[in-house]
Number of protein chains: 2
Amino acid sequence: MGLAKSEMFTDAQNEIALFAKVFGHPARVAILQQLFKIDACYCGDLVSEIGLAQPTISQHLKELKHLGLIKGNVEGTSVCYCINTENWTKMKATMLQFLNQDISEKDNCC
Amino acid sequence: MGLAKSEMFTDAQNEIALFAKVFGHPARVAILQQLFKIDACYCGDLVSEIGLAQPTISQHLKELKHLGLIKGNVEGTSVCYCINTENWTKMKATMLQFLNQDISEKDNCC
DNA sequence: AACATTAATCGTAATATTGCAATAAACAAA
DNA sequence: TTTGTTTATTGCAATATTACGATTAATGTT
């Protein structure tokens, strides 16, 4: 069926999965890296930087924006995108907590 | 077409995306959390802990194992799974580098 | 050997994601 | 207003993911 029964999991687990999922495509990783690199970026710049069609980039940007990790500012006909630093920090805290789960000192694992 | 042209992206970008993708499902997040929590865990324990069918859990375990994040040890008829701490640490370094990208101090963003 | 237990694999249905051509929308400039 | 520029949206086709019943495989138990 492929139905993700999100009620089965905790809010925290679903949140981690949602953030991770958006990083689960190299195009979105590339977009975010580019936004970090140049501070502010027009959609068209990303289209030429990354080798994907404009609607595809636009779609990826939409997902990133929907999760709040980036924001877009309309400037005339073009749109300037940048990292939403506040939300990025919040997301980072969530992900770090997951990644830094402590491994028990006793190495009694199978 | 939905074809991920991984040649378009750097190895680093593809690696980040691969790790992130495996965290992009709450069931796998839950499995990993459980493995961290109890240090060693039989497949059957995960099936009863998480509310998914045995083949489904087995499939998720396979993905985690394929990426090297967990290892499984056969013990009689059952299989004991645990975190591969060495690879987890390596993965963490990769992901931290991505998450900790520095945000330029000058807030000249759009 | 016969049976029980546990996990992996196979096959398949349902759903989600990805990519892009075509088009629309929003705005600026002539 | 017409034209050009830039981005968003729509509508698909291709592919990938998820879930699970049925089965198989491997091992232990009687």
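Residues numbered from 1 in each chain as written. Chains lettered and ligands numbered in written order. Predicted model: local features only at pLDDT ≥ 70, side-chain atom pairs only at ≥ 80, totals over all residues.

Named according to an unreviewed UniProt entry, chain A is Helix-turn-helix transcriptional regulator originating from Winogradskyella litoriviva.

### Remarks on the interface of chain A and chain B
To keep things clear, this is the line we draw: Remark: residues whose backbone-derived C-beta atoms lie within 7 Å of one another are considered to be in contact. Secondary structure elements are defined from DSSP: runs of H or I of at least 4 residues count as helices, runs of E of at least 2 residues count as strands, and each element is numbered from the N terminus. We call Asp, Glu, Lys and Arg charged. Ala, Val, Leu, Ile, Met, Phe, Trp, Tyr, Cys and Pro are nonpolar, and the rest, Gly among them, are polar.
Listed per partner, the contact involves 36 residues of chain A and 36 residues of chain B. Elements with a minimum of two residues in the side of chain A that touches chain B: α1 (11-22), α2 (26-38), β2 (70-75), β3 (78-83) and α5 (85-99) of chain A. Among the elements that take part in the side of chain A that touches chain B, α1 of chain A stands out by supplying six residues, more than any other. Its residues placed into classes, the side of chain A that touches chain B shows 20 nonpolar, 12 polar and four charged.

### Examining the sheet that holds strand β3 (residues 78-83) of chain B
Residues and elements named next belong to chain B. Which entries qualify depends on this criterion: At least two bridges found by DSSP between two strands is the condition for calling them paired. Think of each axis as a best-fit line through the C-alpha atoms, taken over the contacting stretch in the case of a helix, with angles from 0 to 180 degrees between the N-to-C directions.
With antiparallel pairing, the three strands of this open sheet are ordered in space as β1-β3-β2. Taken across any chain shown, the strands that pair with only one partner, and hence form the sheet edges, are β1 (41-42) and β2 (70-75). Looking at chain direction, β1 and β3 are connected through two bridges and run antiparallel. Directly across from Y42, in β3, lies its bridge partner C80. Across the face of the sheet, helix α2 (residues 26-38) comes into contact with β1, β2 and β3 while running at roughly 90 degrees to β3.

### Some thoughts on α2 of chain A
What sets the pattern is the α-helix's 3.6 residues per turn: residues three or four places apart point alike. Residue and element names in this part refer to chain A. The condition is simple: To estimate how far a helix should reach, multiply one less than its number of residues by 1.5 Å. Partly exposed residues are those falling between the two cut-offs: more than 12 but fewer than 20 other C-beta atoms within 10 Å of their own, whereas 20 or more means buried and 12 or fewer means exposed, with C-beta atoms placed from the backbone.
Here α2 is 13 residues long and its end C-alpha atoms lie 18 Å apart, about the 18 Å a rise of 1.5 Å per residue gives. Inspection of α2 places P26, A27, R28, V29, A30, I31, L32 and L35 among the buried residues, and these make up the whole buried set. D39 sits one or two residues past α2 and shows a positive phi near 75 degrees.

### Examining the packing of α2 of chain A against helix α1 (residues 11-22) of chain B
For clarity, the cut-off: When an angle is under 35 degrees it counts as roughly parallel; over 145 it counts as roughly antiparallel; between 65 and 115 it counts as roughly perpendicular; any other value is oblique. By convention the crossing between two helices is left-handed if the near helix lies anticlockwise of the far one by an angle smaller than a right angle, and right-handed if it lies clockwise.
In contact at an axis separation of 8 Å, α2 of chain A and α1 of chain B are set at 120 degrees when each is read in the N-to-C sense. The orientation of α2 of chain A with respect to α1 of chain B, classified from their angle, is oblique. Crossing of α2 of chain A over α1 of chain B shows right-handed handedness. Two secondary-structure elements touch here, α2 of chain A through P26, V29 and A30 of chain A and α1 of chain B through Q13, N14, I16 and A17 of chain B. For the contact of α2 of chain A with α1 of chain B, the residue count by class is five nonpolar, two polar and no charged.

### A closer look at the sheet that holds β3 of chain A
Residues and elements named next belong to chain A. One open sheet accounts for three strands, arranged β1-β3-β2; its pairing is antiparallel. Taken across any chain shown, the strands that pair with only one partner, and hence form the sheet edges, are β1 (41-42) and β2. Sitting on the sheet, helix α4 (residues 54-66) is in contact with β2 and β3, with an inclination near 120 degrees to β2.

### Some points on the relation of the copies chain A and chain B
Note that the two copies of the chain are related through a rotation about an axis and a translation along the same axis. Basically, it comes down to this: C-alpha atoms of residues with pLDDT of at least 70 in both copies form the basis for the least-squares superposition of the copies.
Least-squares fitting of chain A to chain B yields an RMSD of 0.0 Å, with the superposition described by an axial translation of 0.0 Å and a rotation of 180 degrees. Taken together, the rotation and translation relating the two chain copies correspond to the operation of a two-fold axis. Every residue of chain A has its C-alpha some distance from the rotation axis, and the shortest such distance is that of A20 of chain A, at 2.4 Å. Most of the interface of chain A is mirrored in chain B, where 100% of its interface residues again form contacts.

### Focus on the packing of α1 of chain A against α5 of chain A
Residue and element names in this part refer to chain A. Two elements in contact, α1 and α5, have axes whose closest approach is 10 Å; the angle formed by their N-to-C orientations is 110 degrees. When the interaxial angle is binned, α1 and α5 end up roughly perpendicular. Each of E15, I16 and F19 in α1 lies in contact with α5, whose residues at this interface are M91, T94, M95 and F98. Its residues assigned to classes, the contact of α1 with α5 comprises five nonpolar, one polar and one charged.

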